[in-house]
Amino acid sequence: MNDPVDVLIIGGGASGAAVAWNLAETRMRIVCLEQGDWPQSSDYPSNGRNWESRQSEDFAISPNRRASSADYPVNDDASPIKVANFNGVGGGTVLYAGHFPRFHPSDFRVRSLDGVADDWPIDYRTLEPFYALNDRMMGIAGLAGDPAYPDKEAVMPPLPLGKTGETFGQAMNELGWHWWPCDAAINSREYEGRAPCINLGHCGHGCAQGAKSSTDITYWQEALRNRVEVRTRCRVSRIETNEDRMATGAWYFDANGEEVFQPAEIVVMACNGIGTPRILLNSASERFPDGLANSSGLVGRNLMFHPYALVRGRFDKTLDGFRGSRVFMWSMEFYETDPARGYVRGYCYQFTRGFGPVMQAINGMADGLVPWGEGHHDAYRRLFDRQAGMVSICEDLPEEINTVTLDTSLRDGNGIPAPKITYRIGENTQRMLDHSVARGTEILLKAGAQDIVTRSPLSYAGWHLLGTARMGTDPKRSVVNEWGRSHDVKNLFIVDGSVFVTSGGVNPTSTIQAIALYVSDQIKARLHDLFD
Amino acid sequence: MTSSTELVALSSEQFECLRLIVGHMIPASEKHGVPGADDPKIMADMAGTIGRDFDALSAILDIVNAAAGGHLGDLHTAEQRDLLADLRLRDSALFGVIEAVAARAYYRDDRVLKSIGVEPRAPFPQGYVVDEGDWSLLDPVRRRGAIYRDAG
């Protein structure tokens, strides 16, 4: 058995890193168990000529396709949206695009404002200082003054608009619709010892330049200097409890496949919306027969993705192609509820540049724009470096029928039951998707695009894993309280996307990390009566 | 993972079927000065980068060979083309894996990249240049004022 620690963090991704850094100043003994390894920037695909091939191999976004020793399988057959993640120090931030919007104030008040779902027990003002702190820790490029948000500081200048941004900006202006350079977790200049972006166009598969802010090179470096220990290739199987219904630590399989117990005074779950309910459900015991922290029956329920729709078009001029950051501008024109649209809540657009040579061919053929045979080369050249568009990120409302449960037969490499996803797109979300495709097409036509293609929903876009251990003040209707502590187990905290009450219509990493900083601040402030 | 083991794992019948299919998919072009995807150098690269698509690719090649009565190569070129068109019409998704395998090798060949105006090199460490863009385009957005609901 290992020596006891004060704080055991399970998961070394976006939220676990932020908690570790924030708690480090307490001088408590902190250990993080991470099932993957430290990423090496020299391994990232953009180091080699085969960079596009490797995007679909060991740096693929699907854990089922990667199937590396760090990954656990996910049965997502019963979902039109397939799970995307990365298992390793840094978690999903290693492969995310770095799109870094905050939630909007209205996102925390959806019941009061729009009569759907539930209000959060916290609000934008509560999280605002933690958003700002997180922006500084991660290093966020952006432009102050976005009319879609309350005032917020820009840590460094925005990323270039490029020809693509100019083209879409002009079109949006003609339509009278909102757009703005996006907040991006990508250095536009040197920041805290990390180099600026050199437009590799490769953000989504690991940044060899180190310009993209993944937590392995931001929070974790600071946390390590403050003596936090990260134990890699350690996969947690279950959390143990005692007769006082308190967590005593966690069992995990180490790099040699040995099952080991790590005792701890406080356990912090940071495995996001699938990993966290999986461990809680796998921790069922005589004391907690339905899974740990599950007296509400809501662990694993209310799974929310953000269904994405894609709209792309071909232009008669050369744009940026694959060069440049994946993210550079957004539109919040359709974010807030307008009853005339036939749905409540809303979505943002994330504008996108072109594909690399290989992906242009694959997508061109799949979309029917690049034929087989004689016409292949001319059609390809009409498309390459001339295609651009956007994706819509639609707010998904919580529904208890959308679940993470344990698969009855599928196991990971250590024999631990794998998660099973059961999910369907709700009517409100479907209407939102349809609206976003129609308006996106309008934008592309205004910008002068032809050969417009749409995909809705995008299947392989299940990045945002939210809602499966929701936050609330009522123990019957939530899993953790308003400061992240389990209602049932007084020394168990959850700090990841599981605690989201609603999903908002933007990428969640900024909010996940703001919550992680907020909850860890609450732990520090309440240390003397933390378990009361 | 990509490794040489996949090169030998694809049977000679499957490899020949793959060569014929990708030749129909991306033929050589005198106009653009590029080889076809069935070029020996590209095929060697392709065989080494099948990676995680091996099982799916192998199954599809067997389906195509079976549909051809044993071997796709036993048919005349026009018959091959017609059979492939028919199979694609019936199940276009079936060929998605072959398109991906072919494109990953073809569109990184130096000759092809030069033809489409791309430097044949890794993105890192040199990177690329992207225009800053005209920030004055944001003036109308600023003039419109706040659009969010101030909900606390």
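Scroll up to find the structure.
Quick summary incoming for the structure in this document. (Residues numbered from 1 in each chain as written. Chains lettered and ligands numbered in written order. Predicted model: local features only at pLDDT ≥ 70, side-chain atom pairs only at ≥ 80, totals over all residues. Heavy atoms only, no water.)

When its secondary structure is counted, chain A shows twelve helices and 16 strands. Here the C-alpha atoms of chain A give a radius of gyration of 22 Å, agreeing with the 24 Å that 2.2 N^0.38 yields for 532 residues. If one aligns the C-alpha atoms of chain A with their principal axes, the spans along those axes are about 70 × 50 × 45 Å. Within chain A, the proportion of its 532 residues that are buried is 67%. Considering only contacts in chain A between residues 6 or more positions apart, those separated by 24 or more positions represent 74%. Here chain A displays about 16800 Å² of accessible surface, and carbon together with sulfur accounts for 46% of that area. (Helix = DSSP H or I, 4+ residues; strand = E, 2+ residues; numbered from the N terminus. Rg over C-alpha atoms; globule rule 2.2 N^0.38 Å. Buried < 20%, exposed > 50% of the residue type's maximum accessible area, 1.4 Å probe, protein only. Contact = heavy atoms within 4.5 Å. Areas by Shrake-Rupley, 256 points an atom, 1.4 Å probe, with all protein chains shown as cover.)

Take the pairing of strand β2 (residues 30–33) of chain A next. Residues and elements named next belong to chain A. Neither face of β2 is left uncovered, since the one carrying I30 and C32 and the one carrying V31 and L33 both have all their residues buried. One ladder, built from four bridges, connects strand β1 (residues 5–10) with β2; its direction is parallel. Looking at the pairing, L8 lines up with V31 of β2. Chirality of the crossover, the property in question, places the unit of β1, helix α1 (residues 14–24) and β2 among those that are right-handed. Here β2 pairs with strand β5 (residues 229–231) via three bridges, running parallel. (Pairing = 2+ DSSP bridges. Right-handed = clockwise from strand over helix to strand, strands pointing away.)

Here the focus is the sheet that holds strand β14 (residues 417–422) of chain A. Residues and elements named next belong to chain A. One open sheet accounts for three strands, arranged β3-β14-β13; its pairing is mixed. Each edge of the open sheet is held by one strand with a lone partner, namely β3 (75–78) and β13 (403–411). Pairwise comparison of adjacent strand axes, ignoring direction, gives a mean angle of 40° for this sheet. Sheet topology note: the β13/β14 ladder contains five bridges and is antiparallel. Across the sheet, residue T405 finds its bridge partner in β14, namely K420. Packed onto the sheet, helix α8 (residues 272–282) meets β13 and β14 and runs at close to 65° relative to β13. (Axes fitted to C-alpha atoms, helices over the stretch in contact; angles between N-to-C directions.)

As a further point, take the pairing of strand β6 (residues 235–241) of chain A. All names here are of chain A. When you tally the buried positions in β6, you get five out of seven residues, the bulk of the element. As paired elements, β6 and strand β7 (residues 247–253) share six bridges and run antiparallel to each other. Residue V236 lies in a different strand from β7, and its bridge partner there is Y252. Following β6, the chain reverses through five residues before pairing antiparallel with β7; R245 in that reversal takes a positive phi of roughly 60°.

With that settled, consider the packing of aromatic side chains. For the coordinates displayed, the defined rule picks out 27 aromatic pairs over all chains. Here A:F103 and A:F500 contribute two aromatic rings whose centre-to-centre distance is 5.4 Å and whose plane-to-plane angle is 85°, an arrangement assigned as edge-to-face. Residue A:F103 is found in the loop between β3 and α4 (110–114), and its partner A:F500 is found in the loop between β16 (492–494) and α12 (509–525); the two are separated by 397 residues along the sequence. Pairing A:F322 with B:Y128 gives two aromatic rings, centres 5.3 Å apart and planes at 85°, and the pair type is edge-to-face. Of this pair, A:F322 sits in the loop between β9 (308–314) and β10 (329–331) while B:Y128 sits in the loop between α7 (110–115) and α8 (139–144), which puts the two residues in different chains. (Phe/Tyr/Trp six-rings, centres within 6.5 Å; stacked < 30°, edge-to-face > 60°.)

For the rest of this paragraph, the subject is the packing of helix α2 (residues 12–25) of chain B against helix α4 (residues 54–67) of chain B. Residue and element names in this part refer to chain B. Where α2 meets α4, the axes come as close as 9 Å, and the angle between the chain directions of the two elements is 80°. Classified by the interaxial angle, the pair formed by α2 and α4 is roughly perpendicular. Contacts between α2 and α4 pair E13, Q14, C17, L18 and I21 from the former with L57, S58, L61, D62, V64 and N65 from the latter. Here the residues of the contact of α2 with α4 are counted per class, giving six nonpolar, three polar and two charged. (Parallel < 35°, antiparallel > 145°, perpendicular 65-115°, else oblique. Nonpolar A, V, L, I, M, F, W, Y, C, P; charged D, E, K, R; others polar.)

Residue and element names in this part refer to chain A. Relative to the helices and strands, E52 resides in helix α2 (residues 51–54). E52 sits in the buried class, given a relative accessible area of 6%. When the C-alpha atoms of E52 and R109 are compared, they prove to be 42 Å apart, with 57 residues separating the residues in sequence. With residues near it in sequence (within four places) discarded, E52 still touches G356, P357, V358 and M359.

So, on to helix α6 (residues 96–106) of chain B. Owing to its 3.6 residues per turn, the α-helix brings residues three or four apart onto one side. By the criterion of burial, α6(B) is predominantly enclosed, with ten of the eleven residues buried. For α6(B), the set of buried residues is B:V97, B:I98, B:E99, B:A100, B:V101, B:A102, B:A103, B:R104, B:A105 and B:Y106.

A side chain of one charge can pair with a side chain of the opposite charge if their charged atoms are brought near each other. Residues and elements named next belong to chain A. Under the counting rule described, the total for this entry stands at 48 salt bridges over all chains. Between R29 and E229 there is a salt bridge, with the nearest N and O atoms lying 3.2 Å from each other. Taken together, the residues span a long stretch of sequence, with R29 in the loop between α1 and β2 and E229 in strand β5 at a distance of 200 residues. Of the residues examined, R29 reaches a relative accessible area of 37% and is grouped as partly exposed. A residue is classified by how much of its surface remains accessible, and E229, at 28% relative accessible area, is partly exposed. A salt bridge links D123 to R109, with the nearest nitrogen and oxygen atoms 3.9 Å apart. Of this pair, D123 sits in the loop between α4 and α5 (124–138) while R109 sits in the loop between β3 and α4, and the two are 14 residues apart along the sequence. (Salt bridge = Lys/Arg side-chain N within 4 Å of Asp/Glu carboxyl O.)

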